[in-house]
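Residues per chain, in single letters:
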Amino acid sequence: MDESGTLVASPPRSAKLQVEGLSAYYGSKQVIQDLSIDFDDKSVTAIIGPSGCGKSTFIRCLNRIHETVPRARATGRVLLDGEDVYTIDPVRVRRRVGMVFQKPNPFPTMSIYGNVASGLRLNGVRKPALVQERVIRSLKQAAMWDEVKEHLDAPGVSLSGGQQQRLCIARALAVEPEVLLMDEPCSALDPIATSKIEDLIFDLKRDYAVIIVTHNMQQAARVADKTAFLYLGKLIEYGDTKEIFERPKVKLTESYITGRFG
């Protein structure tokens, strides 16, 4: 919104995901307030804002993970190719809208291969040849095939932190989602691993709509085509990343990205 209270937004030209009047609650506490935004297909959108502003809650509403928390609920609409995800079986929603979490979470009892194949098997893919094809393709998409192809039977948790995160990305990609949500995927990683994840994000946008939550302003500037700034559960400003960082229209946005608060 501008200084007069009017929302400032630049709607994408080819929206894959459209959010209309979304509000989210934990019990009686409202954490997202009437938020509307469109997300481009084959593009990266960064969600920025200070801790506690509702970024993670917001993206968890996009694939209905939010509602798995006791007493959590959401109102409004989230349209995926025009279909409201809140009218669809949530299992189907999460297959189409994948998610990678802040902390790498490979399944500890499964091999590298088993981790990537797990989602396929849960979704009824049983043919060994098809599972193998998808696993290999997903590991290649996650830029780690060459690193693990000789020891696919090793435990997923035996990998480094950065490799574990890319394994989780491969696991999400294996079920062929249309949108990939990433909740601070680099916050637990060192600079080298972070650089690899950022390179991967750049490659993934050729095939997916990618939405990434990040506290790192430099990261948002590097990887995102568009950036949305949230504050106290409200969408303050949304537009091309270059415009947001170089010529923000709202004083609050400028104060945040220049480090005056947050």
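In the block above lies the structure referred to throughout.
What you are looking at is a predicted structure, and each value in this text was computed from that prediction instead of being measured.

A few words now on the layout of surface pockets. Looking at the largest pocket, its volume works out to about 570 Å³. With four residues, strand 7 (residues 97-100) is the largest single contributor of residues to the lining of the largest pocket. Per-class residue counts for the lining of the largest pocket are 11 nonpolar, six polar and three charged. Its boundaries defined by the atoms lining it, the second largest pocket holds a volume of some 160 Å³. Lining the second largest pocket we find 13 residues, and of these Val 31, Gly 52, Cys 53, Gly 54 and Thr 57 sit closest to its centre. For the lining of the second largest pocket, the elements supplying multiple residues, two or more each, are strand 3 (29-40) and helix 1 (55-62). When residues of the lining of the second largest pocket are assigned to their parent elements, the largest contribution, four residues, is made by strand 3.

Right, let's get into the sheet that holds strand 5 (residues 72-80). If you walk across this open sheet you meet the four strands as 3-2-5-6, and the pairing is antiparallel. Here the strands that pair on one side only, and so sit at the sheet edges, are strand 3 and strand 6 (83-84). Relative to strand 3, strand 2 (residues 15-26) runs antiparallel, the two sharing eight bridges. If you follow Tyr 26 over to strand 3, its bridge partner there is Lys 29.

Thresholds applied
Within any chain, residue numbers begin from 1 and follow the written order of that chain's sequence. Local features in this predicted model are restricted to residues whose pLDDT is 70 or higher, and side-chain atom pairs enter the listing and the counts only when it is 80 or higher, whereas totals over whole chains, interfaces and linings include all residues. As a rule here, side-chain values come from all non-hydrogen atoms in the structure, and water together with hydrogens is ignored. Both site types are read off a 1 Å grid over the protein atoms alone. A 1.4 Å probe that fits but cannot get out defines a cavity, while an open set with protein on both sides within 12 Å along at least five of seven lines defines a pocket; lining residues have an atom within 4 Å of a point. Grid points are joined across faces, edges and corners, and a volume is the space filled by probe spheres set on the points. Secondary structure is summarised from DSSP: a helix means a run of H or I of at least four residues, a strand means a run of E of at least two, and numbering begins at the N terminus for each. In this classification, Asp, Glu, Lys and Arg are treated as charged, Ala, Val, Leu, Ile, Met, Phe, Trp, Tyr, Cys and Pro as nonpolar, and every other residue, Gly included, as polar. Between any two strands, pairing holds if DSSP finds at least two bridges.

The quantities given are spatial measurements derived from coordinates; they are silent on function.
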